[in-house]
Amino acid sequence: MDRTGTHRVKTLPKVLLHDHLDGGLRVETVLDLAETAGYSSLPATDVAVLADWFDQSRSGSLATYLEAFTHTIAVMQTSDALARVAYEAVVDNAADGVVYAEFRFAPFAHLEEGLDPQSVVDATLSGLADGARETGMTTGLILVALRQLPRSADVARLAVDFSHRGVVGFDLAGPERGFPADHHVVACRTVREANLGLTVHAGEADGPHSIWSAVQRCAAHRIGHGVHIIDDCVVEHGRVVKLGPLATYVRDFRVPLEVSPTSNLHTGGWSPETHPVGSLHRAGFNVTLNTDNRLMSRTTLSDEFRLAVEHQSFTEVDLLQVTRQALMAAFAPLPVKRELLEDRIEPGYA
């Protein structure tokens with residue numbers, strides 16, 4: 001895809017697997033919800049100034065990056081707020097060409113104003129459904145447990161309870177170092193035994209051992225981020241020339257990697273040219289492209305596609321491949337995937 005071709009990126013149909021609702025609010029919505037809730041702790045009240053504050057491109061670490069969520073979560077404590085944020089996430093991504101999206105959030109972070117976990121999930125699913133009806137996008141909801149907190153089994157049971165109402169999976173997120181994924185094997189087993197999708201953040205801010213724990217101890221279907229699998233590879237001049245045993249397993253068993261390049265630039269010290277997404281893709285790993293947190297990283301899925309084109313030598317053929325891979329890795333029924341592929345995605349790339 002040449003430079004002119006990047007202008008076509010926004011119109012290409014896309015599949016989004018990794019997008020945090022509390023990391024994707026419109027800045028105007030943050031201000032509106034804060035006013036409604038009487039929340040006075042925002043660092044700014046001007047749209048442009050607040051947008052700059054939320055921009056975590058200079059955070060330098062995952063721990064610093066995550067601090068910005070204090071404010072978004074604080075204004076998402078009512079049913080109306082949760083429904084609005086979910087609805088706007090669908091509308092905004094549909095306008096960016098996304099035809100299928102899985103959104104995620106941690107329901108137990110939204111109980112400060114008296115909601116119970118079931119009401120939190122109900123409100124969020126309602127907002128997603130409203131957005132889907134308006135845009136035609138297909139959506140799913142993933143419930144997140146935080147690995148530094150002890151309630152992962154409760155979140156897993158909540159996900160199972162809503163498994164026939166729009167919740168498609170469970171995720172384990174939060175800081176990796178010091179909080180191993182295999183401390184939450186009970187929650188992961190609950191999810192898998194209920195035939196739900198399981199994804200685990202790993203290899204974002206920690207090394208291959210974190211990915212091993214997610215894949216082999218927790219039996220995750222997908223890996224959130226996973227970019228540090230490159231540390232189990234030998235890379236020469238941007239090309240993977242040798243794989244270690246874990247990297248071989250992840251590649252050969254087609255473990256999907258939910259890669260979010262811009263977010264990784266902000267937390268992992270890479271540049272657009274040195275990020276490993278291109279090397280992993282060309283080495284045959286099951287790479288997908290994602291946004292992670294649209295507000296904190298000031299990104300869209302189109303922006304992630306453009307980064308891959310302009311800095312990682314992706315062509316339109318590569319973009320179609322990672323889109324197909326994302327769709328096949330989605331926690332959605334196979335007939336839904338086939339319909340989206342045949343009716344929306346392949347015609348959009350023709």
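Read on for an overview of the structure. Everything numeric here is computed off the predicted structure, so don't read it as measured data. (Residues numbered from 1 in each chain as written. Predicted model: local features only at pLDDT ≥ 70, side-chain atom pairs only at ≥ 80, totals over all residues. Heavy atoms only, no water.)

**Things to note about the environment of Leu243**
So, step 1. You can see Leu243 is positioned in strand β8 (residues 239-243).
So, step 2. Separated by 11 residues in sequence, Leu243 and Asp232 have C-alpha atoms that sit 6.3 Å apart. (Helix = DSSP H or I, 4+ residues; strand = E, 2+ residues; numbered from the N terminus.)

**Concerning helix α6 (residues 117-135)**
So, step 1. Helix length check: α6 (19 residues) gives 27 Å between terminal C-alpha atoms against 27 Å at 1.5 Å per residue, within 8%.
So, step 2. For α6, the set of buried residues is Pro117, Val120, Val121, Ala123, Thr124, Leu125, Gly127, Leu128, Gly131 and Ala132.
So, step 3. Contacts from the buried residues of α6 go to α5 (79-95), β2 (98-105), β3 (138-146), α7 (152-161) and β4 (167-173).
So, step 4. Immediately downstream of α6, the backbone of Gly136 shows phi near 85°, a positive value. (Expected span 1.5 Å × (residues − 1). Buried < 20%, exposed > 50% of the residue type's maximum accessible area, 1.4 Å probe, protein only. Contact = heavy atoms within 4.5 Å.)

**Observations regarding the packing of helix α1 (residues 27-37) against α5**
So, step 1. Two elements in contact, α1 and α5, have axes whose closest approach is 11 Å; the angle formed by their N-to-C orientations is 170°. Classified by the interaxial angle, the pair formed by α1 and α5 is roughly antiparallel. Taken together, the residues of α5 that come into contact with α1 (itself represented by Thr29, Asp32 and Leu33) are Ala81, Arg84, Val85 and Glu88.
So, step 2. Of the residues belonging to the contact of α1 with α5, the class tally is three nonpolar, one polar and three charged. (Axes fitted to C-alpha atoms, helices over the stretch in contact; angles between N-to-C directions. Parallel < 35°, antiparallel > 145°, perpendicular 65-115°, else oblique. Nonpolar A, V, L, I, M, F, W, Y, C, P; charged D, E, K, R; others polar.)

**A look at the packing of aromatic side chains**
So, step 1. Tallied over the entire structure, the rule returns two aromatic pairs.
So, step 2. With 5.2 Å between their ring centres and 80° between their planes, Trp53 and Phe54 make a pair best called edge-to-face.
So, step 3. With a relative accessible area of 35%, Trp53 lands in the partly exposed category.
So, step 4. For the pair Tyr249 and Phe253, a centre-to-centre distance of 4.3 Å together with 20° between the ring planes defines the contact as stacked.
So, step 5. The class for Tyr249 is partly exposed, based on a relative accessible area of 28%.
So, step 6. A relative accessible area of 56% places Phe253 in the exposed class.
So, step 7. Here the guanidinium or amino end of Lys14 rests over the ring plane of Phe305, the centre of that ring lying 5.7 Å away. (Phe/Tyr/Trp six-rings, centres within 6.5 Å; stacked < 30°, edge-to-face > 60°. Lys NZ or Arg CZ within 6 Å of the ring centre and 35° of its normal.)

**Looking at the sheet that holds β2**
So, step 1. One open sheet accounts for eight strands, arranged β1-β2-β3-β4-β5-β6-β9-β10; its pairing is parallel. Of all the strands in the sheet, the pair left with one neighbour each is β1 (14-20) and β10 (287-289). Averaged over neighbouring strand pairs, the angle between their axes works out to 25° when direction is ignored.
So, step 2. Taken together, the five bridges between β1 and β2 define a ladder with parallel strand orientation. (Pairing = 2+ DSSP bridges.)

**Considerations on the packing of α5 against α6**
So, step 1. Close contact between α5 and α6 brings their axes to 7 Å; oriented N to C, the two are set at 30°. The handedness of the crossing between α5 and α6 comes out as right-handed. Residues Ser79, Leu82, Ala83, Ala86, Tyr87, Val90, Val91 and Ala94 of α5 form the contact with α6, whose participating residues are Ser119, Val120, Ala123, Thr124, Gly127, Leu128, Asp130, Gly131, Ala132, Glu134 and Thr135. (Left-handed = near helix turned anticlockwise from the far one by under 90°.)

**Brief notes about the nonpolar core**
So, step 1. If you look at the biggest cluster of nonpolar residues, it comprises 105 residues, and the most contacted ones within it are Leu141, Leu143, Ile223, Ile229, Phe285 and Leu319.
So, step 2. Not counting chain neighbours up to four residues away, the residues in contact with Ile223 comprise Thr199, Val200, Ala202, Ile211, Ala214, Val215, Val255, Pro256, Leu257 and Glu258. (Core = buried A, V, L, I, M, F, W, Y, C linked by side-chain atoms within 4.5 Å.)

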